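Secondary and tertiary structure notes
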Amino acid sequence: MTIKNICCIGAGYVGGPTMTVIANKNPDVKVTVVDLNQARIDAWNDSDVNNIPIYEPGLSQLVENARNKNLFFSTDVDKAIDEADMIFISVNTPTKTYGKGRGMAADLKYIELCARQIARVATSDKIVVEKSTLPVRTAQALKAILDHTGNGVKFQILSNPEFLAEGTAVQDLLSPDRVLIGGEQSEEGKEAIQALVDVYARWVPLERILTTNVWSSELSKLTANAFLAQRVSSINAISELCEVTGADVDEVSRAIGMDSRIGPKFLKASVGFGGSCFQKDILNLVYIAKTYDLNEVADYWEQVIIMNDHQKSRFADNIVSTLYNTVSGKKIAFLGWAFKKDTNDTRESAAIYVADSLLHEQAEITVYDPKVTAEQIYADLDYLNSRSPEENRKYVKVVNDPYEACKSAHAIAVLTEWDEFKTYDWKKIYDSVIKPAFVFDGRSILNADQLSAIGFKYTAIGK
Ligand SMILES: NC(=O)c1ccc[n+]([C@@H]2O[C@H](COP(=O)([O-])OP(=O)(O)OC[C@H]3O[C@@H](n4cnc5c(N)ncnc54)[C@H](O)[C@@H]3O)[C@@H](O)[C@H]2O)c1
């Protein structure tokens with residue numbers, strides 16, 4: 001079976017970049033990305049490709065290459081579903097905020113809505129691909145909905161989890177370590193798997209395309225995120241031990257990372273991991289383990305989250321205690337708000353929680369981030385419901401200039417590892433801040449010797 005027409009439901013951080021690469025590599029396949037969010041679709045269609053809604057290095061160019069040739073962005077979900085032979089579901093699966101499993105289980109209401117919509121609209125056989133990260137055995141629920149409400153149309157469900165990391169999404173998509181495709185092990189299932197393999201095989205070497213059963217594929221995605229987050233929490237746990245013993249976490253990390261059994265990646269100590277996936281996916285794994293009564297398994301993975309929360313709060317506590325146990329009325333400059341560099345995504349960013357702790361202590365915060373809008377920063381703080389939106393706007397200022405952010409600050413906190421922070425004129429910043437001049441480097445990216453020589457009191461994680 002040759003795929004000629006692809007639809008992707010969800011034009012977010014995964015759907016947008018993934019479909020852009022698929023369209024670029026399959027010029028003979030029509031790819032339509034649909035979303036309910038009109039503003040998001042309008043931004044994807046903006047005549048200036050620099051205004052697309054997601055910032056990823058290299059993405060604008062790829063959108064420009066294919067847009068309105070074989071790549072389309074639209075809000076007409078029904079039409080795109082009807083025309084497609086293959087439908088990717090790439091909608092959000094946030095942690096549930098209500099009812100059973102609240103605060104842990106994945107909220108599958110958007111997935112179910114998609115399934116019902118596909119069932120209602122489809123008039124020909126379709127392959128439905130789970131691109132969103134889903135709890136193991138979700139495909140079963142999808143199939144039940146599709147089979148029982150469809151118009152006699154046949155559906156094959158595949159699981160094709162996305163392993164891209166924000167900030168390097170384009171690179172990760174162009175040369176993935178592996179592509180994982182799970183499907184039913186029947187004749188029809190294997191045909192569907194092959195159809196998707198053919199789409200990827202246009203640019204991914206066959207030995208990097210793994211095919212498995214559906215459940216292994218679904219569980220592999222949660223497992224990958226759990227393992228990655230666990231490494232961050234492990235090195236962060238060691239960072240606190242370094243601070244009290246005189247060891248240096250970067251040295252420990254280097255010594256550990258050179259062990260080929262361990263490897264160097266995801267061993268950088270920091271203020272804590274953020275992003276839309278790690279926390280939600282681990283909580284989801286914990287919840288699944290609990291529903292099978294595997295309490296030790298659940299507790300084991302939950303500790304990764306507990307450690308991460310601790311790392312964020314101890315960073316904020318350290319700022320308060322270093323500033324003579326009070327930050328009330330003091331200006332703290334935040335460099336960075338995104339959960340990591342090279343993305344404008346702020347979901348679960350450590351900066352949000354550090355700011356919230358400091359605001360509880362009556363600090364005044366000025367934020368500079370190269371890619372995050374003021375609107376987003378206030379939305380993140382308002383979402384916590386810790387104080388009124390008016391108070392958030394009164395005590396948090398967002399500026400477009402890092403020097404203005406730092407001017408007259410009692411302390412500077414680095415929350416995101418943006419490269420540009422390293423190249424600032426730190427002498428000029430030193431001259432404009434209140435002395436003693438404190439820098440709390442939550443990402444250990446600044447040059448400690450240079451800053452100390454200028455006169456800063458510089459603190460990094462794990463030193
Ligand atoms: N962000 C990442 O780095 C990443 C990486 C791998 C996997 N994932 C997974 O991919 C999935 C999507 O994540 P994301 O970051 O792209 O989310 P996102 O919130 O950026 O995008 C999801 C989009 O789906 C749209 N949507 C929701 N319901 C819809 C419906 N019924 N019809 C049409 N559109 C609908 C929303 O409007 C939104 O624009 C999640 O399951 C996530 O866990 C994310």
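Our subject in this report is the structure included herewith.

Cut-off values and rules
Residues numbered from 1 in each chain as written. Predicted model: local features only at pLDDT ≥ 70, side-chain atom pairs only at ≥ 80, totals over all residues. Heavy atoms only, no water. Helix = DSSP H or I, 4+ residues; strand = E, 2+ residues; numbered from the N terminus. Rg over C-alpha atoms; globule rule 2.2 N^0.38 Å. Buried < 20%, exposed > 50% of the residue type's maximum accessible area, 1.4 Å probe, protein only. Salt bridge = Lys/Arg side-chain N within 4 Å of Asp/Glu carboxyl O. Near = heavy atom within 4 Å. Polar contact = N/O pair within 3.5 Å; in protein donor to acceptor, adjacent residues only side chain to side chain. Nonpolar A, V, L, I, M, F, W, Y, C, P; charged D, E, K, R; others polar. Core = buried A, V, L, I, M, F, W, Y, C linked by side-chain atoms within 4.5 Å. Contact = heavy atoms within 4.5 Å. Pairing = 2+ DSSP bridges. Right-handed = clockwise from strand over helix to strand, strands pointing away. Axes fitted to C-alpha atoms, helices over the stretch in contact; angles between N-to-C directions. Parallel < 35°, antiparallel > 145°, perpendicular 65-115°, else oblique. Phe/Tyr/Trp six-rings, centres within 6.5 Å; stacked < 30°, edge-to-face > 60°. Lys NZ or Arg CZ within 6 Å of the ring centre and 35° of its normal. Left-handed = near helix turned anticlockwise from the far one by under 90°.

So, on to the overall build of the protein. Assigned secondary structure in the protein consists of 18 helices and 14 strands. For 463 residues, the compact-globule estimate of 2.2 N^0.38 gives 23 Å, and the C-alpha radius of gyration of the protein, at 24 Å, lies within 12% of that figure. Seen through its C-alpha atoms, the protein measures out along the principal axes to roughly 75 × 50 × 45 Å. Across the 463 residues that make up the protein, the buried fraction comes to 53%.

The next thing to look at is the pattern of salt bridges. All chains considered together, the criterion is met by 26 salt bridges. Note that K4 is salt-bridged to D28, the shortest N-O span being 3.8 Å. Of this pair, K4 sits in the segment before strand 1 (5-9) while D28 is found in the loop between helix 1 (15-25) and strand 2 (30-34), placing the two residues 24 residues apart along the sequence. Residue K4 is classed as partly exposed on the basis of its relative accessible area of 45%. D78 serves as the salt-bridge partner of R120, at 3.6 Å between the closest nitrogen and oxygen.

With respect to spatial proximity, 25 residues lie near the ligand, and among them D35, R40, T93, E166 and K280 are the closest. At 2.5 Å from a nitrogen atom of the ligand is found a side-chain nitrogen or oxygen belonging to E166. K280 is positioned with one of its side-chain polar atoms (N or O) 2.5 Å from an oxygen atom of the ligand. The residue inventory of the shell around the ligand, partitioned by class, reads nine nonpolar, nine polar and seven charged.

The biggest cluster of nonpolar side chains holds 61 residues, and the ones touching the most others in it are F334, W337, L358, I412 and F456. The element contributing the most residues to this core is helix 13 (residues 350-360), with seven residues. Sequence-distant contacts of F334, that is, excluding residues within four places in its chain, are made with A351, V354, A355, L358, I365, T366, V367, Y368, A413 and L415. Counting 44 residues, the second-largest nonpolar core is a separate cluster that includes V29, V49, L59 and F88.

Residues of strand 14 (residues 457-460) alternate between two faces, with Y458 and A460 buried on one and K457 and T459 left unburied on the opposite face. Relative to strand 14, strand 13 (residues 438-441) is paired through four bridges, and the arrangement is parallel. Residue F440 lies in a different strand from strand 14, and its bridge partner there is T459. A crossover links strand 13 with its parallel partner strand 14, the connecting element being helix 18 (residues 448-454), and its sense is right-handed.

Turning our attention to the packing of helix 6 (residues 138-149) against helix 9 (residues 214-245). Interaxial distance between helix 6 and helix 9 falls to 9 Å at its minimum, and their mutual angle equals 125 degrees. Put simply, helix 6 runs oblique to helix 9. Listed contacts from helix 9 to T138, A139 and Q140 of helix 6 are V214, W215 and E218.

Turning our attention to the sheet that holds strand 9 (residues 331-335). As a general point, the strands of a sheet are linked pairwise by backbone hydrogen bonds and lie either parallel or antiparallel. The six strands are arranged 11-10-9-12-13-14 in an open sheet whose pairing can be described as parallel. At either margin of the open sheet sits one strand with a lone partner, and together these are strand 11 (396-398) and strand 14. Within the sheet, the average angular offset between the axes of one strand and its neighbour, ignoring direction, is 20 degrees. Where strand 9 lies against strand 12 (residues 411-414), four bridges are found, and the strand directions are parallel. Paired with A333 across the bridge in strand 12 is I412. Along the sheet, helix 13 contacts strand 9, strand 10 (364-368) and strand 11; its crossing angle with strand 9, the most-contacted strand, is approximately 180 degrees.

In this structure the tally under the stated criterion is 14 aromatic pairs. Ring centres of Y403 and Y424 lie 5.6 Å apart, and the angle between their planes is 50 degrees; on these two criteria the pair is classed as tilted. Of this pair, Y403 sits in helix 16 (residues 402-406) while Y424 sits in the loop between strand 12 and helix 17 (426-432), and the two are 21 residues apart along the sequence. The exposure class of Y403 is partly exposed, given its relative accessible area of 22%. For Y424, a relative accessible area of 10% corresponds to the buried category. The ring of F72 has K30 sitting right over it, with the charged end atom 5.5 Å from the ring centre. Between K371 and the ring centre of Y55, over which it is positioned, the NZ or CZ distance is 4.4 Å.

Another point: unusual backbone geometry. The omega torsion of the bond from K435 to P436 falls at -5 degrees, within 30 degrees of zero and hence cis. Along the chain, the position of P436 falls in the loop between helix 17 and strand 13. Even without being a glycine, Y324 presents a positive backbone phi close to 60 degrees. Positive phi values are uncommon outside glycine, yet D342 reaches one of about 65 degrees. Counting through the fold element by element, D342 comes out in the loop between strand 9 and helix 13.

The subject of this paragraph is the environment of I157. Summarising the element assignment, I157 is placed in strand 6 (residues 155-159). With residues up to four places along the chain from it excluded, the contact list for I157 reads V128, E130, A139, L142, K143, L146, G182, G183, E184 and V214.

Moving on, we come to the packing of helix 9 against helix 11 (residues 278-291). With their axes 9 Å apart at the nearest point, helix 9 and helix 11 run at an angle of 115 degrees to one another. Crossing geometry of helix 9 relative to helix 11 is assigned as left-handed. Contact residues: helix 9 offers L219, K221, L222, N225, A226, L228 and A229, while helix 11 offers F278, D281, I282, N284, L285 and I288. The residue makeup of the contact of helix 9 with helix 11, split by class, is nine nonpolar, two polar and two charged.

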